[in-house]
Amino acid sequence: IRESATLTRDVLEQHFNDLKGTLKKLLDERLMSLLQEVDAIEQESIKPLDECQKLIEHGVSTADDLLREGESAVHGDVGQQNEKLCSFTKKALHIQLDSLPEVPSLVDVPCLSAQLDDCLLTILKNQIFRHGTVASCPPVQLEEFVEKPGGILVRWCKVDDDFIPQDYRLQYRKSTASHFEDVYVGLETEFIVLHIDPNVDYQFRVCARGDGRQEWSPWSVPQIGRTTLVPHEWTTGLEGYSLSSRRNIALRNDSQSCGVLYSKAPTYFCGQTLTFRQVLSGIETVGQPDRRDSLGVCVEQQNGYDSLQRDKAVCISTNGAVFVNGKEMTNQLPAVTSGSTVTFDMEVVQLGPSSNEGGNFKLRVTISSNNREVVFDWVLDQCCVSLYFGCSFSYPGWKVLVF
């Protein structure tokens, strides 16, 4: 409680300090804009009046000079009087002392004033007093963390029965990072966060947006999640496939070389869920299918095969056929296309002495694809709790993410 209260105080203080700074900046900008408007109106309106004043002052100055010249001619010496009077007469004929420039009427002269509406303060006051709330219990909370190879399955739930969610928003960060980042926004209440380093703490939090609302709810109580399982990786070096930087995505390239691409190590353990996903969008971007194309798991890597449809392996072909130890089952799943997700789940159901059929180890296998599944027992002659996974494609364009 104390930690969340301290954090809430810090958030509130920072937010309102930012608001004050922003409001001051906006008010200063508005004041500067209005002052510039006053300056522009003043400059534009005063210009013709200044020009009129200059003309009047020039006329008065000229008349004053002519008057002094006339007085000098009248009171001057008799010898120069005629000459001065003649000059005075010529100048008097060339100036117009009886005309004035047009002066704008009083109604045409601007009179500036500031119009300030006091209702702005009322509006701001009402908005400020309604701004911000303090919630003691977020409507959504984190519920469960499930370890995945190189990832964590995060589940959350709604704890406020009156809250109707429109979207959920999940964020995470490394324990050493300072900022959270979005990892999921949507309607689901669980999400697998990939690209997680094993044995490293990650902090998660979730919030929701109510139906018909724009703002997000308060964050849930942050919780720590981690995985101890190393990420699944495809093995490097097979000529027919290109791998992503994390080696969890394999792309069948246009090389003529073919064969089975296996995992780097037997990282799939019984009791876990292994997921393959075609990550390209649009069926036209997926490679052409071939009856040998397969996704599945096997006891060991065996080079020299161009498909997983062999002994000591279970797989699904891209046309949906299921093979166990190289034999096709009668049950069939939907074809694998762009965006398809195929999952394998296995559990040990028998471990004992050899039977008449020669097998002493039995795994119950569930393969799911496009909301359909097949369940069968896989009999082996050796104990296997960790398995390799693999894929084989004959034509370029197939791209598979494994997790």
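Residues numbered from 1 in each chain as written. Predicted model: local features only at pLDDT ≥ 70, side-chain atom pairs only at ≥ 80, totals over all residues. Heavy atoms only, no water.

**Considering the pairing of strand β21 (residues 399-402)**
Part 1: As paired strands, strand β9 (residues 249-252) and β21 are joined by 3 bridges and run antiparallel to one another. Looking at the pairing, L251 lines up with K399 of β21. (Pairing = 2+ DSSP bridges. Helix = DSSP H or I, 4+ residues; strand = E, 2+ residues; numbered from the N terminus.)

**Digging into the UniProt feature "coiled-coil region" (unreviewed entry) in the protein**
Part 1: In this structure's numbering, the residues bearing the UniProt feature "coiled-coil region" (unreviewed entry) are residues 9-44.
Part 2: Helix makes up 100% of residues 9-44 and strand makes up 0%, while its end C-alpha atoms are separated by 52 Å. (UniProt positions renumbered as here; feature names shortened; annotations may be inferred.)

**Structural notes on the sheet that holds strand β3 (residues 165-174)**
Part 1: Taking strand neighbours across the sheet as the criterion, the 4 strands line up as β4-β3-β6-β7 in an open arrangement whose pairing is antiparallel. Because the sheet does not close on itself, it has two edges, and the strands there are β4 (181-186) and β7 (223-225). Sheet twist, expressed as the mean angle between neighbouring strand axes with direction ignored, is 30°. (Axes fitted to C-alpha atoms, helices over the stretch in contact; angles between N-to-C directions.)

**Some remarks on the sheet that holds strand β1 (residues 140-148)**
Part 1: Spatial ordering of the open sheet is given by β1-β2-β5, a layout of 3 strands whose pairing is antiparallel. Edge positions in the sheet fall to β1 and β5 (190-193), since each has one partner strand and no second. Strand-to-strand, the axes of this sheet are offset by a mean angle of 20°, without reference to chain direction.
Part 2: Inspection of the sheet shows strand β2 (residues 151-158) paired to β5 by 4 bridges, in the antiparallel sense. What sits directly across from L153, in β5, is I192.

**Topic: the nonpolar core**
Part 1: With 35 residues, the main nonpolar core has M346 and W378 as its most contacted residues.
Part 2: In terms of nonpolar packing, the next biggest core, distinct from the first, is built from 16 residues, L142, W156, Y202 and A208 among them. (Core = buried A, V, L, I, M, F, W, Y, C linked by side-chain atoms within 4.5 Å. Buried < 20%, exposed > 50% of the residue type's maximum accessible area, 1.4 Å probe, protein only.)

**Structural notes on the UniProt feature "domain: Fibronectin type-III" (unreviewed entry) in the protein**
Part 1: Taking the numbering used here, the UniProt-annotated feature "domain: Fibronectin type-III" (unreviewed entry) corresponds to residues 138-231.
Part 2: Across residues 138-231 one finds 0% helix and 52% strand; the C-alpha atoms that close the span lie 33 Å apart.

**Topic: the pairing of strand β20 (residues 386-392)**
One face of the sheet, then the other: side chains in a regular strand alternate in exactly this way.
Part 1: Taken across its 7 residues, β20 has 6 buried, putting it largely inside the fold.
Part 2: Direction of pairing for strand β10 (residues 261-262) relative to β20: antiparallel, over a ladder of 2 bridges. Each bridged residue has a counterpart across the sheet, and for Y262 the counterpart in β20 is G390.
Part 3: As paired strands, strand β11 (residues 268-269) and β20 are joined by 2 bridges and run antiparallel to one another. Paired with F269 across the strands is S386, a residue of β20.

**Here we look at the environment of Q141**
Part 1: When you line up the elements, Q141 lands in strand β1.
Part 2: For Q141 and G296, which are 155 residues apart along the polypeptide, the C-alpha to C-alpha distance reads 36 Å.
Part 3: A polar side-chain atom of Q141 sits 3.2 Å from the main-chain amide nitrogen of V221. (Polar contact = N/O pair within 3.5 Å; in protein donor to acceptor, adjacent residues only side chain to side chain.)

**Points about the state of the cysteines**
Part 1: The final tally for this structure, using the stated rule, is 0 disulfides.
Part 2: C315 provides the cysteine sulfur closest to C298, a residue in no disulfide bond, and the two sulfurs are 9.6 Å apart. (Disulfide = S-S within 2.5 Å.)

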